[in-house]
Amino acid sequence: MERIGKHVETSLTEVLHRLDRQIGRAGDEATQGVTGAEGRLTKAESRHAEVLARRERRRREFAQQRAVSLQGVERLASALLLPHPEREDLDVRRLRPHPETEMTAMRVVMEYEEAQGRRVSDVHEQNLGYDVTSLDLRSGELRLIEVKGLSGVRGSVLLTPNERRVAEDRSDCYWLYVVTNCATAPELQEPIPDPGQFRWREVKKVQHYWLDVDALTQPMEVREQREPYGREDSS
């Protein structure tokens, strides 16, 4: 950063010096009434202002880049990443993303909706609580579609808290589309309107906290050691 900054500073400053000389010569010629001198003077002054503004802008940019550059690194802590101890539990396995299955399910649903003559948009990356919007241009019916894919013929699907909230808020147009057997022969099941009406099983994880007993007793022992010897009881 320092080398680049010095190079840019030197280069632009030299350009400004040359323009200063051009302005001086053109000013003298304009005073003497030389033809075209005033035009050259105006052009040199305009160029000088541009280069001066550019140098100031580059100075600010380098100051900002120095502020965000990687320097003075100090290690504060270390972290050891281990596999989830309950990674094989059913509830945890359901949370694992399956990009290929999701992509297959999205493709099947999009093709199905387009075949129905609806205008379809993929919005799954916008975190809206649904994956697809589908509009019937003839009737004006809007569907907010949440897409779920299963690699096999059977399985369970889950809704995130955001998806569940939107399903309840927009029950009039929220749909659930489930595509099964995505690994071999994808099959779209019967679309489900207003999926929020069903009794979804809520999954909760109870957190707990622990504390070493020494952390409770040791501070008291330290305070007792700091008490002066021979202190009389004032009670």
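Definitions and cut-offs
- Residues numbered from 1 in each chain as written.
- Predicted model: local features only at pLDDT ≥ 70, side-chain atom pairs only at ≥ 80, totals over all residues.
- Heavy atoms only, no water.
- Phe/Tyr/Trp six-rings, centres within 6.5 Å; stacked < 30°, edge-to-face > 60°.
- Helix = DSSP H or I, 4+ residues; strand = E, 2+ residues; numbered from the N terminus.
- Buried < 20%, exposed > 50% of the residue type's maximum accessible area, 1.4 Å probe, protein only.
- Arc of directions from axis to C-beta.
- Salt bridge = Lys/Arg side-chain N within 4 Å of Asp/Glu carboxyl O.
- Core = buried A, V, L, I, M, F, W, Y, C linked by side-chain atoms within 4.5 Å.
- Contact = heavy atoms within 4.5 Å.

## Overview of the packing of aromatic side chains
Here's step 1: Summed over the entire model, instances satisfying the criterion amount to 2 aromatic pairs.
Here's step 2: Each ring, one from Tyr112 and one from Tyr177, has its centre 6.4 Å from the other, and the planes form 65 degrees; the classification is edge-to-face. On the criterion of sequence distance, the pair formed by Tyr112 in helix α4 (residues 99–115) and Tyr177 in strand β4 (residues 174–180) is long-range, its members being 65 residues apart.
Here's step 3: A ring pair is formed by Trp175 and Tyr177, whose centres lie 6.4 Å apart and whose planes are at 65 degrees; its orientation type is edge-to-face. Each member of the pair, Trp175 as well as Tyr177, is classed as buried.

## Let's talk about helix α5 (residues 161–169)
In an α-helix, one turn spans 3.6 residues, which is why side chains three or four residues apart end up on the same side.
Here's step 1: Buried within α5 are the following residues: Glu163, Val166 and Ala167. Angularly, the buried residues of α5 cover 105 degrees about the axis, an arc narrow enough to put them on a single face. Relative to its buried face, α5 has exposed residues pointing more than 90 degrees away, namely Pro161 and Asp169.

## Some details on the pattern of salt bridges
Here's step 1: The full count for this structure, using the stated rule, is 16 salt bridges.
Here's step 2: Close ionic contact of Glu14 with Arg21 constitutes a salt bridge, the shortest N to O distance being 4.0 Å.
Here's step 3: Glu14 gets classed as partly exposed once you look at its relative accessible area, which sits at 37%.
Here's step 4: The closest approach of N and O atoms between Arg57 and Glu61, which form a salt bridge, is 4.0 Å. Here Arg57 and its partner Glu61 are both found in helix α2 (residues 37–68), 4 residues apart, which amounts to about one turn of the helix.
Here's step 5: According to the relative accessible area criterion, Glu61 is partly exposed, its value standing at 26%.

## Here's the deal with the nonpolar core
Here's step 1: Core analysis: the largest hydrophobic core is formed by 13 residues, its most contacted members being Ala105, Val109, Val132, Ile145, Val147, Tyr177 and Val179.
Here's step 2: Going through the elements one at a time, α4, β3 (142–149) and β4 are the ones with two or more residues in this core.
Here's step 3: Considering every element that reaches this core, the biggest residue donor is α4, with 5 residues.
Here's step 4: Contact partners of Val132, with chain neighbours within four places excluded, come to Met106, Met110, Val120, Ser121, Val123, Arg143, Leu144, Ile145 and Val147.

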